[in-house]
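One-letter residues, chain by chain:
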Amino acid sequence: SSGINAEYGGLRTSGVWHRYSEFDLLYQYLLHTYPSHIIPPLPEKKLSTSLWTKMTVDKFDGEYLEHRKIGLEKFLHRIASHPTLHDDNIFKAFLMKGEDWKEVADSTEFRAKNEGFLKGVAASYQLKHCDPRFSELRTYADELESRINAVLKVTQNVAAKQRLAYNSYKDLAKTFSDWSAIEKSLCIPLQKIGHHLDNLEGAGNVLLLEEDVKFCENMREFANYAYSLKDFIRKYELLQYKIEVLESTIEAKKAGLFLLGKPEAGEDVVTVEGGKNNLSKMFKPTPQQKEARRSKLHQELSEAEEALGPAQSDLEQFVTEADLEIKRWKKDKFASLKDTLRMYAKLQLQHSQQGAQCWEAVRAAVAVKPSTI
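Residues numbered from 1 in each chain as written. Predicted model: local features only at pLDDT ≥ 70, side-chain atom pairs only at ≥ 80, totals over all residues. Heavy atoms only, no water.

S.K.: Explain the overall build of the protein chain to me, and be specific about the residues and the numbers.
M.R.: Scanning the protein chain from terminus to terminus reveals 8 helices and 6 strands. Along the protein chain, helices and strands appear, N-terminal first, in the series β-β-β-β-α-α-α-α-α-α-α-β-β-α. Going through the 373 residues of the protein chain one by one, you find that 38% of them count as buried. Contacts in the protein chain between residues far apart in sequence, at least 24 positions, make up 77% of those at least 6 positions apart. About 22,100 Å² of surface is accessible on the protein chain, with carbon and sulfur atoms providing 55% of the total. (Helix = DSSP H or I, 4+ residues; strand = E, 2+ residues; numbered from the N terminus. Buried < 20%, exposed > 50% of the residue type's maximum accessible area, 1.4 Å probe, protein only. Contact = heavy atoms within 4.5 Å. Areas by Shrake-Rupley, 256 points an atom, 1.4 Å probe, with all protein chains shown as cover.)

Laid out in structure tokens, this is it:
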């Protein structure tokens, strides 16, 4: 469970607790209810940042829960800052912990939307025509995930080496402190050196944890946005695929009616079993059979033509809304990534500043003239 105590879009929450499964329900609701919007990615249930994976984590540990809460609050902030999603009544009920918010969400039957068509769609399908804007966005989503994961891998390697250096400073602090035991004139300076190096180790690891929470989590969120983009693109592809299926159906039914109008149309081969030999013969359907087939084709053609218009309207509306959504997301992404990279630069400067301050203090400690030898 995660406690939420913040303000979202003018709604003030106070000590609201939700289980992770409730966040997932909210995410699924938004995903199905707003197909032409890029839904912010839900943070993973298990922490996967570099420092936490190196620890044995108790899921009830205070720091662990606080770390996960940061990601979930960011998820809510993303929704609250969205020009459309923030005004959703289910989202507002979630924030205020309305007792029946889950029942209200389920009553919308959001899971059933497009379910009938999706059951008939193969896991792998090929579009005949695809809007180049969505093709380019899919390529970008793939590259975004790859590039950010590459950045994360390298920055985490850098952090691991920094962590090793800070831990070595702790060992170095102990050696100076041990040395002070045999030096009368340098006893205090050596102890101070050990003290400053101990402080450097502690402050450095705090910075690394802050980097893990702020920078790595932000970057991982954008890597996860690649999945949100792919979900978004798949919704377009399914709408386009539905139209192509209907168009193919109309073409096939018209061809069937054309063939049925030919004099030789409708001839079938039937097999009659007779002992060891199978006898085959050609026969022509009766006028009643031909009429029944023609009537069925006309009905199926009519149904497909009736469904094509709304499907084309749905796609047109989706593309119009999606175009605005893509522009909005790119603008937000640009601002967020700039802030994240600026934060990373600031953290690296703090590493350098703390190191410089430590060694300045060490130099000052040994610069004191000893009173005795």
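S.K.: Explain helix α7 (residues 187-260) residue by residue, including any values.
M.R.: Over its 74 residues, α7 extends 107 Å from the first C-alpha to the last, a length consistent with the 110 Å expected when each residue adds 1.5 Å. Its axis deflected by about 30 degrees at E211, α7 carries its strongest bend there. (Expected span 1.5 Å × (residues − 1). Bend = angle between axes of the 7 residues up to and from the residue.)

S.K.: An account of the confidence of the model for the protein chain is requested, with residue identities and associated values reported.
M.R.: Looking at the protein chain, the pLDDT average stands at 84 and 80% of residues meet or exceed 70. Every residue in residues 51-56 is under pLDDT 50, and counting partners more than four places away or in other chains gives 13 contacts. Note on residues 274-281: pLDDT under 50 across the span, and 13 contacts to partners over four residues away in sequence or across chains. (pLDDT = per-residue confidence, 0-100.)

S.K.: With reference to specific residues and values, describe the packing of aromatic side chains.
M.R.: All chains considered together, the criterion is met by 15 aromatic pairs. Relative to W101, the ring of F94 lies with its centre 5.0 Å away and its plane at 90 degrees, an arrangement referred to as edge-to-face. With relative accessibility at 2%, the residue W101 sits in the buried group. Taking 6.5 Å as the distance between ring centres and 75 degrees as the angle between the ring planes, the aromatic pair formed by Y140 and W329 counts as edge-to-face. Of this pair, Y140 sits in helix α6 (residues 132-179) while W329 sits in helix α8 (residues 287-366), and the two are 189 residues apart along the sequence. Overall, Y140 belongs to the partly exposed group, its relative accessible area being 28%. The residue whose ring lies beneath K230 is Y227, and the NZ or CZ to ring-centre distance is 5.6 Å. (Phe/Tyr/Trp six-rings, centres within 6.5 Å; stacked < 30°, edge-to-face > 60°. Lys NZ or Arg CZ within 6 Å of the ring centre and 35° of its normal.)

S.K.: So, unusual backbone geometry: which residues are in play, and what are the values?
M.R.: Phi is positive for E109, which is not a glycine, with a value near 55 degrees. Counting through the fold element by element, E109 comes out in the loop between α4 (101-107) and α5 (115-119).

S.K.: Describe the pattern of salt bridges, and please don't skip the residues or the numbers.
M.R.: For the structure on display, the rule yields 17 salt bridges. Salt-bridge contacts for K214 lead to E210; the nearest nitrogen and oxygen are separated by 2.8 Å. Here E210 and K214 lie together in helix α7, a separation of 4 residues that amounts to about one turn. One salt bridge in this structure joins R294 and E291, with 3.0 Å as the shortest N-O distance. A residue pair is termed a helical-turn pair when its members lie 3 or 4 positions apart in one helix, as R294 and E291 do in helix α8 at 3 residues. Judged by its relative accessible area of 25%, R294 falls in the partly exposed class. Each member of the salt-bridge network shares a partner with another, and the members are D131, R133, D323 and K327. (Salt bridge = Lys/Arg side-chain N within 4 Å of Asp/Glu carboxyl O.)

S.K.: Any details on the packing of α6 against α8? Residues and values, ideally.
M.R.: Running from amino to carboxyl end, α6 crosses α8 at an angle of 15 degrees, the nearest separation of the two axes being 14 Å. Classified by the angle their axes make, α6 and α8 are roughly parallel. At the point where α6 passes α8, the crossing takes the left-handed sense. Contact residues: α6 offers R133, F134, L137, Y140, L144, T155, Q162, Y166 and Y169, while α8 offers F318, V319, A322, D323, I326, W329, K333, Y344, Q348, H351 and W359. Residue composition of the contact of α6 with α8, grouped by class: 13 nonpolar, 4 polar and 3 charged. (Axes fitted to C-alpha atoms, helices over the stretch in contact; angles between N-to-C directions. Parallel < 35°, antiparallel > 145°, perpendicular 65-115°, else oblique. Left-handed = near helix turned anticlockwise from the far one by under 90°. Nonpolar A, V, L, I, M, F, W, Y, C, P; charged D, E, K, R; others polar.)

S.K.: I'd like a rundown of the side chain of Q240, residues and numbers included.
M.R.: Of note, Q240 is situated in helix α7. Within the structure, the side chain of Q240 is placed 3.0 Å from the side chain of E244, a separation counted as a polar contact. Other than its neighbours up to four places away in sequence, Q240 contacts L127, H129 and L315. (Polar contact = N/O pair within 3.5 Å; in protein donor to acceptor, adjacent residues only side chain to side chain.)

S.K.: Describe the packing of α6 against α7, listing the residues and the values that go with them.
M.R.: Running from N to C, α6 and α7 cross one another at 170 degrees; their axes reach a closest spacing of 8 Å. One way to sum up the angle between α6 and α7 is to call them roughly antiparallel. Residues that form the contact of α6 with α7 fall into these classes: 31 nonpolar, 9 polar and 12 charged.

S.K.: Could you give an account of the environment of V362, with specific residues and numbers?
M.R.: In this fold, V362 is placed in helix α8. V362 gets classed as buried once you look at its relative accessible area, which sits at 9%. Distance from V362 to I193, taken between C-alpha atoms, is 5.4 Å for residues 169 residues apart in sequence. Leaving out residues up to four positions away in the same chain, V362 has contacts with I193 and H196.

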